[in-house]
Amino acid sequence: MKIFKYALLAIPFLYFSCSDDDDAPEPINEEEVITTMTVTLVNHQNGSDVVTMQTQDLDGDGPNAPVITVSGPLTAGTSYAGSVQFLNEMEDPAEDITEEVQEEDDEHQVFFSAAGVGMEFVYMDFDGDGNPLGTQFVLAPLGAGSGSLTITLVHEPAKPNDGLDSAGGEIDIQTTFPVTVE
Amino acid sequence: MNCKCNKCGASFKSKLALALYSFFSICCINLFAQNCNNKLSIQVVDLHDGTPLSNANIEINELEILGTTDFDGNVTFENLCSDTFLLTISHEDCESITQTLDLKKDVFRKIRLEHHLTELEEIMVVSDNRNNSRTLFENKISKEVLDDYNSRTLGEVLKTVTGVSSLNSGNYLSKPVINGLHSSRVILINNGVRLEDQEWGIEHAPSIDINSIYKISIIKGASSLKYAGDAVGGVIIAETSKEKLLDSIYGNVTTNLQSNGRGGGISTDYTKTYSSGWYYKFQGTLKRMGDFETPNYVMTNTGFSEHNLSLKAGLNRIDHGFDVYYSLFSNYLGILRSSHAHTAIDIINAIENEVPHIIEDFSYDINIPRQKISHNLLKLRGFKNFDFGKLSMRYDFQSNDRKEYDIRRGNRTKPALDLNLQTHSIAFDLESKFDNSSNLKAGISARYQKNFPDPSTGVKRIIPDYKKYDFSLYSVYDTNFSESWFLEAGIRYDFSHIDAYKYYRTSLWEARNYDELFPEFVVEDLGLNILTNPKFDFHNISSNLGARYSISESENIFINYSMSSRKPNPSELFSEGLHHSSARIEIGDLSFNSEVGHNFSITYDSSNEKSSLTVNAFANIVDDFIYMIPVDLMPTIAGVFPYWEYKQEDAKLFGFDLKYDRQYFTNFFIGHQFSIIKGYERADDKPLINMPPVNLKNQISYSFPELNNLNVSLESEYVFRQNEYPNNNFEVFIPTEQTYQLLDTSTPPSAYHILNFASSIGFKAENGGNYKINLRVENLFNNLYKNYLNRLRYFTHEMGRNIMLSVSYNY
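Remember, it's a predicted structure, so these values are computed and weren't measured experimentally.

**Student:** Looking at this structure, how should I read the sheet that holds strand S11 (residues 186-190) of chain B?
**Tutor:** Through backbone hydrogen bonds, the strands of a sheet pair up, either in parallel or in antiparallel fashion. All names here are of chain B. Strand order in the open sheet formed by five strands is S8-S13-S14-S11-S12, with mixed pairing between adjacent strands. Both edges of this open sheet fall to strand S8 (138-141) and strand S12 (193-194), since each of them pairs with a single strand only. The pairing of strand S13 (residues 215-220) with strand S14 (residues 234-239) spans six bridges and is classified as antiparallel. Each bridged residue has a counterpart across the sheet, and for Lys-215 the counterpart in S14 is Glu-239.

Given below as structure tokens:
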């Protein structure tokens, strides 16, 4: 009858394990998500000429597509002081991820490219090794027309690099804004 | 049924002789025992399982008369005077016993005889076969083969069996694929315990230490109903060695080194047994490897370390026994650094580059991304033989802890995935002899499982919190229908209740119409997310119907039909979001029902001293097969992702495999293995993904018995290109170039051929132990190739040449 003794021995284990509470799990604070990128362009010659571009995807990897907005046209023949801000709006209040990107400047880089219209980009902030970061930049539209501006944030790219194609790393954000230059 | 005692009375001639002998014995009794009329009936049975023992001698010492049991173990002495007698009961394979008998009237006495066995193993061999099925062909992997692979993983060693392949994520993570199916469709039984280790994950390798295993049996395409009813692909049964029933100490120390990975391992086991049946054993393994290398470059961050130990103690008597078993499996492994992709464009770039974008010098460092897994198993088991059969009881507890570390921003070193899965189960099994030619096995079991995803990761839970309650019943009946036909029929019922808590994105909940389909699941609407409490009940029936036809002792045909029912796993039900390692969005479905596989198989097996041939053909018709297909593209802030959904469609799989070994001359041996598997969706004949390509293995070996059993062999492995695959490619918009580019994740790599060399030699040590040295070289010619069944094939080639040396000492 030994086995029955052992069977009895096992029973407390079962009760022990079954007696946990039935509470619903706590919600997760999704920390690393970037929901929003806002690009602010301020005309060097005319401080009141401010163009903002934004992509906002509040449900992250949920089915809703990001909402992309561009406040207005850029002016040809001038230059703009640009800044990029990254937010996690899933947290309340929204967390500014830009600070994290700037702190880990050697592990990040923002890449800019234009299609359909000519534009020039100049990096204005750099990491400790003197390689570009790109949260601050200068954008100069070369001529009138319409096309697109693509901004990409890469995590852990090879630095220095010859551009997005050879940088490797992982893309955290990539958004193409429709732009008009007048 | 068991052991020698049966064999001795097997032939008809001896039965006849026995009957005559019994007759004369009884006549003699009549002559001597006059004036008295007591009748003594004796039945001699096997103490182990109650089988009647024929040919046992019973002597009534005082009267010097002898009787011999007939085929049913019976003998009768008549006309005995009232007296006290001393009986001596003997059998040529059993230990003799004496019993006193006070005879005053007619008496029936049942006498249990214990076999005189030096090792319990002989009994175990028989009961092993009974564990599983007698009408299903089982592929076995012996200790010798396991020894050759002692520095490898379970997935690798299972590939030595025809029709079994492995689905890899790099070099170390390798999941067994049986007849084209894997993950939740292949059940692993470790020492009688069903392994519960998040096996749904395609990049989760089984948590079993290969060095703790003594023998592996593989049942393709069917469940072993004692353990599970949901093995649509098959069952893998791993067992430790059986303890000897004598006073002994034995064990083994094995060390191995390998060139690729520049590491090695050490493993030891120690067993102490007593003739009283008590025993204890210990086993431990340590392994450490650095980065693996292809012929051309280092696969950065692919090293691993593994620490395992197991303890077992118990009492093993023939008619009762118990044991306590504990094992810990823990590993820490790097995932190829360059395989971390975030977007489809990352994968396009990786495929274009052909080689990983990060290649560093060789290192033992295990950096992020990495996995850390520990699996604890505690088992208590006891059994006792009764008149009605062998009753055993088992309780087991498993705790599986899985942490996956990903590349994260903000110096976050905490895991991105942290799951703890705890499982308790309790089971009672009865093995009973129905009559001389048939057996009945039946059992009942219950299981409780709890999954806890740690919220402190700061990453959305992939698998939700859930509790699962299982209850099952099974019964298997087998019968020796005639001399050559053996039939088996079994049925199992499984009930499962799942009680989960999950946060869904509100947008997804609504997009999938769950708000209308499952409004009762909603607990709280939190705006962005919605807390739900999905509850499901599954009732599943599975069954087996099989026959074995013995053409001769060495030639058998196995015919089997098996129905397996598998409830959807947590990933299939609850997935809802970006899966980083595959750079796609994966969506499960709450409305899935159980998948039901109907597997028909026929196996011809013939083996003699010179050759062995096994041919197996199967068809597996799976209703409501759950699999993923890409349905769309989904824009997110990180770019466009392919959107994969789990679907439930009917599928069919067919396959054929062949194994032929033949010995030529005395020491020369040639072996061949061939296997082909095809899988399609039934509706439109679209091929299924990740079906193992056709493969052909050939082996020649030569042994030199006079040179310390030196054995050298050369293995050739040719894997054809998989020409039938679903085309899941799609065009990805490249914003920087304003163009579309093809993301080709479907096209399989080319065929490949590799050669392996293996040799072994054994020496006797002075103290009675022995040494064995194995040298094995894989990918002898250092070929550069990619493997269709490696999920990281977009990022890297396979391992280059690997020289492995192992020395083991047995005592």
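**Student:** Just to check I follow, could you spell out the domain arrangement of chain B for this structure?
**Tutor:** How big an interface is tends to be stated in terms of the accessible area lost upon association of its parts. Domains assigned within chain B are domain 1 (3-113) and domain 2 (238-810). Its C-alpha centre places domain 1 of chain B at a distance of 54 Å from the equivalent point of domain 2 of chain B.

**Student:** Is there a simple way to think about the interface of chain B and chain A in this case?
**Tutor:** On the chain A side, the residues contacting the 54 residues of chain B number 50 residues. Element by element, the count of residues in the side of chain B that touches chain A is highest for strand S22 (residues 370-386) of chain B, at four residues. Counted by class, the side of chain B that touches chain A contains 29 nonpolar, 17 polar and eight charged residues.

**Student:** How should I be thinking about unusual backbone geometry in this particular structure?
**Tutor:** Trans is the prevailing form of peptide bonds, just as negative phi is the prevailing case for residues other than glycine. The omega torsion across Lys-159 of chain A and Pro-160 of chain A is -5 degrees, close enough to zero to call that bond cis. Along the chain, Pro-160 of chain A turns up in the loop between strand S9 (145-155) and helix H3 (164-167). The residue after Ile-368 of chain B, namely Pro-369 of chain B, is reached through a cis peptide bond having omega 0 degrees. Here Pro-369 of chain B is to be found in the loop between helix H6 (344-353) and S22. Its identity as a non-glycine residue notwithstanding, Asn-513 of chain B has a phi of 65 degrees, on the positive side.

**Student:** It is not clear to me how the pairing of strand S6 (residues 108-115) of chain A should be interpreted in this structure. Could you clarify?
**Tutor:** Here is the key point about a regular strand: its side chains alternate between the two faces of the sheet. Residues and elements named next belong to chain A. Burial runs high along S6: six of the eight residues are buried. Strand direction decides the pairing type here: S6 and S9, joined by eight bridges, are antiparallel. Its bridge partner lying in S9, Val-110 is registered against Leu-153.

**Student:** Sorry, what's going on with the nonpolar core here?
**Tutor:** Note that soluble globular proteins tend to have their nonpolar side chains buried in a common cluster. Residue and element names in this part refer to chain B. Counting residues in hydrophobic clusters, the biggest one holds 108 residues, and the most contacted among them are Ile-189, Val-235 and Ile-236. Sort the elements by how many residues they give to this core and strand S35 (residues 611-636) lands first, with six residues. With residues up to four places along the chain from it excluded, the contact list for Ile-189 reads Arg-194, Tyr-227, Val-235, Ile-236, Ile-237 and Ala-238. Judged by nonpolar contacts, the second largest core, of 20 residues, contains Leu-421, Ile-463, Tyr-466 and Tyr-504.

**Student:** What is the right way to look at H6 of chain B in this model?
**Tutor:** For an α-helix the count is 3.6 residues per turn, leaving residues at separations of three or four pointing the same way. Where H6 of chain B is concerned, the buried positions are Ala-344, Ile-345, Asp-346, Ile-347, Asn-349 and Ala-350 of chain B. Where H6 of chain B is buried, its residues meet strand S10 (170-181) of chain A together with strand S36 (639-664), strand S40 (730-734) and strand S41 (739-743) of chain B. Following H6 of chain B by one or two positions, Glu-354 of chain B adopts a phi angle in the positive range, close to 70 degrees.

**Student:** Quick question: what am I supposed to make of the sheet that holds S6 of chain A here?
**Tutor:** Residues and elements named next belong to chain A. Strand order in this open sheet of three strands is S6-S9-S10, and the pairing throughout is antiparallel. At either end of the open sheet lies a strand with only one pairing partner, and these are S6 and S10. Strand after strand, the sheet turns through a mean of 15 degrees between neighbouring axes, direction not considered.

**Student:** Would you mind showing me how to read the confidence of the model for chain B here?
**Tutor:** Residues and elements named next belong to chain B. Per-residue confidence for chain B gives a mean pLDDT of 87; residues scoring 70 or more make up 92%. Every residue in residues 1-34 scores below 50 in pLDDT, and together they form 58 contacts with partners more than four places removed in sequence or on other chains. Taken together, the stretch residues 116-131 has pLDDT below 50 and engages in 26 contacts with residues farther than four places along the chain or on a different chain. Scoring the predicted complex yields pTM 0.83 and, for the interface, ipTM 0.83.

What counts, and at which threshold
- Residue numbers restart at each chain and count upward from 1, following the sequence in its written direction.
- Chain letters and ligand numbers both follow the written order, the letters beginning at A and the numbers at 1.
- Local features in a predicted model are, by the rule used here, given only for residues with pLDDT of at least 70; side-chain atom pairs are given and counted only at 80 or more, and totals for whole chains, interfaces and linings are based on all residues.
- One bridge is not enough; two strands pair if DSSP finds at least two bridges between them.
- Only DSSP runs of H or I with at least four residues qualify as helices, and only runs of E with at least two residues qualify as strands; both kinds are numbered from the N terminus onward.
- Domain delimitation follows an automatic or database domain assignment.
- Once C-beta atoms have been placed from the backbone, residue pairs whose C-beta atoms lie within 7 Å are recorded as contacts.
- When residues are grouped by polarity, Ala, Val, Leu, Ile, Met, Phe, Trp, Tyr, Cys and Pro land in nonpolar, Asp, Glu, Lys and Arg in charged, and all others, Gly among them, in polar.
- With C-beta atoms placed from the backbone, a residue is buried if 20 or more other C-beta atoms are within 10 Å of its own, exposed if 12 or fewer are, and partly exposed between those counts.
- What we call a nonpolar core is a set of buried Ala, Val, Leu, Ile, Met, Phe, Trp, Tyr and Cys residues whose membership is set by joining through C-beta atoms within 7 Å.
- Lines fitted to the C-alpha atoms define the axes, with helices restricted to the stretch that makes contact. Angles between their N-to-C directions range from 0 to 180 degrees.
- For every residue, the predictor assigns a confidence score, pLDDT, that lies between 0 and 100.

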